[in-house]
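Given next are the chains, with one letter for each unit.
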Amino acid sequence: MIRKTISNFDLSQICASGQCFRMRETAPGTYVIPSGERLVRVMQNGEDCVFDCPEQEFDVYWKDYFDLENDYAGYIEQINPRDTYLREAAALGGGIRILRQDLWETIVSFLISQQNHIARIRRCIENICAEYGSRQVSAWGEEYYGFPRPEALAGLSEDALKACNLGYRSKYVVRAAKSVLSGGIDLERLSQMPYRKAREELLKLYGVGEKVADCICLFALHHLEAFPVDTHIRQALERHYRRGFPNRRYRGFQGVMQQYIFYYELTGSPDR
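Heads up: these notes are all about the structure in this document. (Residues numbered from 1 in each chain as written. Predicted model: local features only at pLDDT ≥ 70, side-chain atom pairs only at ≥ 80, totals over all residues. Heavy atoms only, no water.)

As for the overall build of the protein chain
In terms of helices and strands, the protein chain carries 13 helices and seven strands. Its C-alpha atoms give the protein chain a radius of gyration of 18 Å, within 12% of the compact-globule value 19 Å for 272 residues. Counting only C-alpha atoms, the protein chain reaches 55 × 45 × 35 Å along its principal axes. Only carbon and sulfur atoms are counted for the fraction: they give 44% of the accessible area of the protein chain, which is about 12700 Å². Across the protein chain, the mean location of the 35 positive side-chain charges is 6 Å away from that of the 36 negative side-chain charges. (Helix = DSSP H or I, 4+ residues; strand = E, 2+ residues; numbered from the N terminus. Rg over C-alpha atoms; globule rule 2.2 N^0.38 Å. Areas by Shrake-Rupley, 256 points an atom, 1.4 Å probe, with all protein chains shown as cover. Lys, Arg positive; Asp, Glu negative; His and termini not counted. Charge placed at Lys NZ, Arg CZ, Asp CG, Glu CD.)

Okay, here's the thing in structure tokens:
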């Protein structure tokens, strides 16, 4: 058990922010978060958090996964005082942090996310984990399935994952797995690339468009300058930033502002 006091960190907001699809609340204030083949249980009461995992695993993986050493209060302080909309969005979603997720899992998750809703995305991912992931046991004895690695999916027919409710997205995932195994895309090399180069590389994958590429860059590669634009964000930009989002002011952390806007549009905006 690792106990931490953390400000600007709210698991309920992160869970609802559209970044990850396997995180779930199992009891009030208790969340289970899988990532790749790892699993952590976190109990939160205000700023007091308890991470149920080995200390070494927390230090080498989960601390970075939750971006706990970054100063999110500092990001919020830099919001233009005259931008009432963005200040309200940050006040509502100020507990969101940008996760550093498993790259392969994030690629597959956002391929599945296209033209899909969150409940169905979650079911699709649960299905492929149960069918093709490896069985694991958590530090507290709970059995779960890891996220299937590329080699578990690359040998499938392009329609095989329709049985897991993926529909036409089945071929996107299978082709992505084949690209990884053939060396067409190198995940390790991708993780070392700067934002523009990584985005360009991701767009080579079948089924990956600009929005999906930006989601992967932001939520797995932690390129905070990525600013994914989906329907919610586009509508917010049209209403509040007709001359375009002020990227220059928030250079290097536009993606943090994007998450505040996205969460606000989903949960709190009076215009929704």
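What to know about the side chain of Glu105
Within the secondary structure layout, Glu105 lies in helix α5 (residues 103–112). What Glu105 contacts, discounting residues up to four positions off in sequence, is Arg22, Pro34, Ser35, Gly36 and Phe147. (Contact = heavy atoms within 4.5 Å.)

Observations concerning the nonpolar core
Generally speaking, soluble globular proteins have nonpolar side chains that are buried together. Residues Leu202 and Met257 are the most contacted members of the largest nonpolar core, which totals 71 residues. In this structure, Ile6, Tyr31, Ile33 and Phe51 belong to the second largest nonpolar core, which totals 22 residues. (Core = buried A, V, L, I, M, F, W, Y, C linked by side-chain atoms within 4.5 Å. Buried < 20%, exposed > 50% of the residue type's maximum accessible area, 1.4 Å probe, protein only.)

Topic: the packing of aromatic side chains
Under the counting rule described, the total for this entry stands at 21 aromatic pairs. Both rings, one in Tyr85 and one in Tyr241, keep their centres 6.2 Å apart while their planes meet at 70°; by these two values the pair is edge-to-face. With Tyr85 in helix α4 (residues 84–92) and Tyr241 in the loop between α12 (231–240) and α13 (254–267), the pair connects residues that are 156 residues apart, well separated along the chain. Judged by its relative accessible area of 8%, Tyr85 falls in the buried class. (Phe/Tyr/Trp six-rings, centres within 6.5 Å; stacked < 30°, edge-to-face > 60°.)

Digging into the packing of α12 against α13
Their axes nearest at 9 Å, the elements α12 and α13 cross at an angle of 95°. The orientation of α12 with respect to α13, classified from their angle, is roughly perpendicular. Touching His232, Ile233, Ala236 and Arg239 of α12 are Gln258, Ile261, Phe262, Glu265 and Leu266, all from α13. Residue composition of the contact of α12 with α13, grouped by class: five nonpolar, two polar and two charged. (Axes fitted to C-alpha atoms, helices over the stretch in contact; angles between N-to-C directions. Parallel < 35°, antiparallel > 145°, perpendicular 65-115°, else oblique. Nonpolar A, V, L, I, M, F, W, Y, C, P; charged D, E, K, R; others polar.)

Description of the side chain of Asp67
Within the secondary structure layout, Asp67 lies in the loop between α2 (55–65) and α3 (72–77). Residue classification places Asp67 among the buried residues on the basis of a relative accessible area of 4%. A distance of 3.2 Å separates a polar atom in the side chain of Asp67 from a polar atom in the side chain of Asn70. (Polar contact = N/O pair within 3.5 Å; in protein donor to acceptor, adjacent residues only side chain to side chain.)

Side note on the pairing of strand β3 (residues 30–35)
With six of its six residues buried, β3 lies for the most part within the structure. With burial as the criterion, each face of β3 is covered, one bearing Thr30, Val32 and Pro34 and the other bearing Tyr31, Ile33 and Ser35. Where strand β2 (residues 24–27) lies against β3, three bridges are found, and the strand directions are antiparallel. When the bridges of β3 are listed, Ala27 appears paired with Thr30. Count of turn residues in the β2/β3 antiparallel hairpin: two residues, of which Gly29 carries a positive phi of about 80°. Strand direction decides the pairing type here: β3 and strand β4 (residues 38–45), joined by six bridges, are antiparallel. Along β4, the bridge assignment pairs Ile33 with Val40. Taken together, β3 and the strand that follows it, β4, pair antiparallel across an intervening segment of two residues, in which Gly36 is found at a positive phi of about 60°. (Pairing = 2+ DSSP bridges.)

Description of α13
Along an α-helix, residues three or four apart share an orientation, since each turn contains 3.6 residues. For α13, which comprises 14 residues, the first-to-last C-alpha distance of 20 Å matches the rise-based estimate of 20 Å (1.5 Å per residue) to within 8%. Counting buried positions along α13 yields twelve of 14 residues, so the element is predominantly enclosed. Contacts from the buried residues of α13 go to α1 (11–15), α3, α4, α11 (210–219) and α12. (Expected span 1.5 Å × (residues − 1).)

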